[in-house]
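Reading the structure
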There are 2 protein chains.
Amino acid sequence: MNIIKALEWRYATKKFDPNKALPKNKLEILKNAFNLTATSYGLQPVKLLIINDRALQSKLKEHSWNQPQVEDASHLLVFCVEQNIGADYIKKYFERVKNIRNTPEKVLEPFQNFLIEDFENKTAEEIQQWAEKQVYLAMGNLLTVCAVENIDACPMEGFSSETYDKLLNLNEKHLRSVLVMPVGYRAEDDMFAEFKKVRKPMSDSVVELS
Amino acid sequence: MNIIKALEWRYATKKFDPNKALPKNKLEILKNAFNLTATSYGLQPVKLLIINDRALQSKLKEHSWNQPQVEDASHLLVFCVEQNIGADYIKKYFERVKNIRNTPEKVLEPFQNFLIEDFENKTAEEIQQWAEKQVYLAMGNLLTVCAVENIDACPMEGFSSETYDKLLNLNEKHLRSVLVMPVGYRAEDDMFAEFKKVRKPMSDSVVELS
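Residues numbered from 1 in each chain as written. Chains lettered and ligands numbered in written order. Predicted model: local features only at pLDDT ≥ 70, side-chain atom pairs only at ≥ 80, totals over all residues.

Concerning the overall build of chain A
Applicable threshold: Put simply, DSSP marks the helices as runs of H or I at least four residues long and the strands as runs of E at least two long, and each gets a number from the N terminus on. Using C-beta atoms placed from the backbone, we call a residue buried if 20 or more other C-beta atoms fall within 10 Å of its own, exposed if 12 or fewer do, and partly exposed for counts in between.
A tally of helices and strands in chain A yields nine helices and five strands. Going from the N terminus to the C terminus, chain A shows its helices and strands as α-α-β-α-α-β-α-α-α-β-α-β-α-β. The principal-axis extent of the C-alpha atoms belonging to chain A is close to 60 × 50 × 30 Å. Across the 210 residues in chain A, those meeting the buried criterion constitute 37%.

Remarks on the environment of Gly184 of chain A
All names here are of chain A. Note the threshold: In this description, any two residues whose backbone-derived C-beta atoms lie within 7 Å of each other are considered to be in contact.
The residue Gly184 is located in strand β4 (residues 175-184) in this model. Take Gly184: there are 26 C-beta atoms within 10 Å of it, and that puts it in the buried class. Residues Gly184 and Ala131 lie 53 residues apart in sequence; the distance between their C-alpha atoms is 27 Å. Residues in contact with Gly184, not counting those within four places in the same chain, are Phe16, Lys20, Leu22, Ala73, Ser74, His75 and Asp152.

Here's the deal with the packing of helix α2 (residues 24-36) of chain B against helix α7 (residues 124-148) of chain B
All names here are of chain B. Formally: Each axis is a line fitted through C-alpha atoms, and for a helix only the stretch in contact is used; angles between axes span 0 to 180 degrees, taken between their N-to-C directions. Whether a crossing is left-handed or right-handed is set by the direction in which the near helix is turned from the far one by less than a right angle, anticlockwise for left-handed and clockwise for right-handed. In this classification, Asp, Glu, Lys and Arg are treated as charged, Ala, Val, Leu, Ile, Met, Phe, Trp, Tyr, Cys and Pro as nonpolar, and every other residue, Gly included, as polar.
The N-to-C vectors of α2 and α7 enclose an angle of 145°; their axes lie 9 Å apart at closest approach. Remark: the crossing between α2 and α7 carries right-handed chirality. Contact residues: Ile29, Leu30, Ala33 and Phe34 in α2; Ala138, Asn141, Leu142 and Val145 in α7. A breakdown of the residues in the contact of α2 with α7 according to their chemical character gives seven nonpolar, one polar and no charged.

Description of the interface of chain B and chain A
Taken together, the contact pairs 57 residues of chain B with 56 residues of chain A. Looking at the side of chain B that touches chain A, the elements that each hand over two or more residues are α1 (3-9), α2, β1 (46-51), α5 (87-101), α7, α9 (202-205) and β5 (206-209) of chain B. Among the elements that line the side of chain B that touches chain A, the one with the most residues is α7 of chain B, at 13 residues. Across the side of chain B that touches chain A, the residue classes break down as 31 nonpolar, twelve polar and 14 charged.

Some details on unusual backbone geometry
Residue and element names in this part refer to chain A. Positive phi, close to 55°, is recorded for Asn66, a residue that is not glycine. Here Asn66 lies in the loop between α3 (54-61) and α4 (69-72). If you check the backbone angles, Asn169 has positive phi at about 50° while not being a glycine. Tracing the chain through its elements places Asn169 in the loop between α8 (161-167) and β4.

Describing the packing of helix α7 (residues 124-148) of chain A against α7 of chain B
Which entries qualify depends on this criterion: What sets the label is the angle itself: under 35 degrees gives roughly parallel, over 145 gives roughly antiparallel, 65 to 115 gives roughly perpendicular, and the rest give oblique.
Where α7 of chain A contacts α7 of chain B, the two axes come as close as 7 Å, and the packing angle between them is 40°. Classified by the angle between their axes, α7 of chain A and α7 of chain B sit oblique to one another. Handedness of the crossing formed by α7 of chain A with α7 of chain B: right-handed. Taken together, the residues of the contact of α7 of chain A with α7 of chain B break down into 14 nonpolar, eight polar and four charged.

Description of the sheet that holds strand β3 (residues 152-153) of chain A
Convention followed: We treat two strands as partners when DSSP finds at least two bridges between them.
Taking strand neighbours across the sheet as the criterion, the five strands line up as β3(A)-β4(A)-β2(A)-β1(A)-β5(B) in an open arrangement whose pairing is mixed. Whereas interior strands pair on both sides, the edge strands pair on one side only; in this sheet they are β3 of chain A together with β5 of chain B. For strand β1 (residues 46-51) of chain A and strand β2 (residues 75-82) of chain A, the ladder comprises six bridges, and the chain directions are antiparallel. Residue pairing in the sheet places Lys47 of chain A in a bridge with Cys80 of chain A of β2 of chain A. Here α7 of chain A sits on the sheet in contact with β1, β2, β3 and β4 of chain A, set at roughly 150° to β2 of chain A.

Let's talk about the relation of the copies chain B and chain A
The test is simple: Each copy is superposed on the other by least squares, with the fit set by C-alpha atoms of residues at a pLDDT of at least 70 in both.
By a simple turn and slide, chain B fits onto chain A: the slide is 0.0 Å along the axis, the RMSD is 0.0 Å, and the turn is 180°. One copy is carried onto the other by what is essentially a two-fold rotation axis. With an isologous cut-off of 70% or more, the 98% of interface residues of chain B that recur at the interface of chain A puts this contact in the isologous class.

Here's the deal with α5 of chain B
So the rule is basically this: One fewer than the residue count of a helix, multiplied by 1.5 Å, yields its expected span.
Taking 1.5 Å per residue, 15 residues should reach 21 Å; α5 of chain B reaches 21 Å between its end C-alpha atoms and fits that length. Asn102 of chain B sits one or two residues past α5 of chain B and shows a positive phi near 55°.

As structure tokens, then:
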């Protein structure tokens, strides 16, 4: 597997084949890859909804600038942030560390206290911004995983987060939608698949200091 | 190549082997992968510095909570955002589209005008936040690329961006540092390599609606 070839193969798919479904094993890869994403302090303030419901996708399309990918793709991934991130949320993380690694509470306590204080000093908006960034990191991971697995995807910021939250009852779940990504397989006639990639020359993108 | 095994292999490396250098072909992969990252509207408001200079890394370590990875890793990646994103910057993007794809100006013009207006309606802070998110997406991509290529890495938010900007003369280059990632090879005795990964149970991380 050549990772660069995989990244060159991927593109923001504009037209999906509505008759091609992602097989279960590919979905399992996406789920596991999402859960394995690195996040700040390991706190995972992110959640992934996987929608496979044509009627719901059709409804959501209306609130996504009518982009057909939302309806036609095999599955619609909705990347969310957790809304309640405070002392209780952080304590649950340290419970997981204790259970999974058998780390003694005494060893964990100073860092737990530091983190709780650190988050208590942040405003609600700062915490939400911090969490949103972790969602972007998770999407960066999944886009590359899709490329490696020959899954087509389209990363999207263009949708009404408020309407998604209502239609998907996300407030009740203390979640907020941040990014959307239809996944599946490109239609044979998606002309965007043939377009050359537009990127800066390497010298404008990367600077080496040595 | 099993992508899940690769993601399980990776961890936030706490101790690098200072004597193991990344070979040139691996660096080329990182550079190309960075430039291939998907970004919002394809605008690439991001730049990657690759530092391979032990004295400079040692100096930067002092401004990274003294984390030894900054000094000991083979290379230090510094993810930056562009500071000047406005009409000129956007026009340069459309120049690239025209040159690379031979798209007629008439076809591009409406979207170019839309984007310029869209960005003129954003505050400077909103634009910087938008750009920062693209940096997180780029890091999400590179972390996964590193895992696939058996390159060890440590994603880091814990450093003084202001001091980095001064020491690296980033203001002059209209850049601002956002994230740091030492890359190289783990030391044989990095005990963190053996720790079990701490992750939420899948049911807390992913919800399927179908």
